[in-house]
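Notes for the structure review
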Amino acid sequence: MHHARATLRQQGYRLTPQRNLIWEVLRGTGRHMTAEEVATQVRRTLPDVNVSTVYRTLELLVSLDLVVETHLEGSKCYYEVSPEPTHHHFVCTQCGAVGHFSDELLAPVHAELGERQGFAVGHIQVTAFGLCRECRVDAEPTGRPADVDQPAAAAGLPVKPTANERQE
C-alpha cells in the first residue's frame, strides 16, 4: 500500500473511491496537472465525480503534504505528487515548457533565513520564469527580443508540452 493511503487512514480520513482515483491519476501521470485535468481523467472511470470533489480532495492531499500545489503560469494552480527529493520549477515564458531544479541550489537561502535571521523554514517553493535553451537559441538568429515578463499562456503564445507531457 502506498504511503498516501496509509497517511489518509492514520489521519482519520476515509479512503473513498474518489480519493483513491484522484491520487492514482496524479501519481500515474507523472506531470503537473490542473484540477480540471484531474477531473477529466477521473471522470473516465467515475463519470459522476464533480469537480468540487476533485478540488476538495486536492486541498486535503496538499494539507497532508502528499501533493504540492504550484503556480506555474498566471493564477492557474497545478498539482503533482510531492517529490522526493524536493524540487522547484522554471517555466519558459515563450513556449511554456516546465523544468525542475534541485532544492540544493537554495542552500544559501536556507542558511540566510535560518542562521542569520533566526527563521525556521518549513517549506520554500520557487518558480523561476525566463527563456528555455531552445527559445533562446530560436530567438537569436531572428534578433527579435523575447518577452520574459509574462508566462506563455498569459501572453497568448503557443505552449509546448513538457518532456513528461510529450511522452503521453
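To be clear, the structure that these remarks concern was listed above.
Position labels on residues start from 1 in each chain and follow its written sequence. Local features are withheld for residues below a pLDDT of 70 in this predicted model, meaning they are given only at 70 or higher, and side-chain atom pairs are given and counted only at 80 or more; totals for whole chains, interfaces and linings count all residues. Heavy atoms throughout the structure, all of them, feed into the side-chain values; hydrogens and water do not.

1. Brief notes about the overall build of the protein chain
Looking only at helices and strands, the protein chain has seven helices and five strands in total. Buried residues in the protein chain amount to 35% of all 168 residues. With residues, only the protein chains shown are counted as cover, and all accessible areas are computed by Shrake-Rupley using a 1.4 Å probe. Summed over all atoms, the accessible surface of the protein chain reaches about 10200 Å², with 50% contributed by carbon and sulfur. Strands are runs of DSSP state E lasting at least two residues, helices are runs of H or I lasting at least four, and both sets are numbered from the N terminus onward. For the exposure calls, accessible area comes from a 1.4 Å probe over protein chains only, and a residue counts as buried if that area is under 20% of its type's maximum, exposed if over 50%, partly exposed in between.

2. Digging into the pattern of salt bridges
Counted as salt bridges are all cases of a side-chain nitrogen of Lys or Arg within 4 Å of a carboxyl oxygen of Asp or Glu. Taken as a whole and judged by the stated rule, the model has two salt bridges. Here Arg31 ties to Glu37 by a salt bridge, and the two come within 3.8 Å at their closest N and O atoms. Between Arg116 and Glu112 there is a salt bridge, and its shortest N-O distance comes to 2.7 Å. Taken together, the positions of Arg116 and Glu112, both in helix α5 (residues 107-116) and four residues apart, correspond to about one turn of that helix.

3. What to know about the packing of helix α2 (residues 17-29) against helix α3 (residues 35-45)
Axes, fitted as lines to C-alpha atoms, cover a helix only where it is in contact. Angles between the N-to-C directions of the axes lie from 0 to 180 degrees. It is at 10 Å that the axes of α2 and α3 come closest, and there the two elements cross at 120 degrees. It follows from the interaxial angle that α2 and α3 lie oblique. Crossing geometry of α2 relative to α3 is assigned as right-handed. In contact with Leu21, Ile22, Val25 and Leu26 of α2, α3 contributes Val38, Gln41, Val42 and Thr45. Split into classes, the residues belonging to the contact of α2 with α3 amount to six nonpolar, two polar and no charged. Angles below 35 degrees are treated as roughly parallel, those above 145 as roughly antiparallel, those between 65 and 115 as roughly perpendicular, and all remaining angles as oblique. Crossing handedness is defined as follows: a turn of the near helix away from the far one that is anticlockwise and smaller than a right angle gives a left-handed crossing, while the clockwise case is right-handed. Contact criterion: two residues are considered in contact whenever any of their non-hydrogen atoms come within 4.5 Å of each other. When residues are sorted by character, Ala, Val, Leu, Ile, Met, Phe, Trp, Tyr, Cys and Pro go into the nonpolar class, Asp, Glu, Lys and Arg into the charged class, and all the rest, Gly among them, into the polar class.

4. As for the pairing of strand β3 (residues 87-92)
The element β3 is extensively covered by neighbouring structure, given that five of its six residues are classed as buried. Being paired, for any two strands, means DSSP has found at least two bridges between them. Where β3 and strand β4 (residues 98-102) come together, five bridges link them in antiparallel fashion. Pairing of His88 across the sheet is with Phe101, part of β4. Hairpin geometry of β3 and β4 is characterised by an intervening segment of five residues between the two adjacent antiparallel strands and by a positive phi of about 85 degrees at Gly96. Of the strand pairs in this sheet, β3 and strand β5 (residues 127-130) are connected by four bridges, and their pairing is parallel. Residue Val91 lies in a different strand from β5, and its bridge partner there is Phe129.

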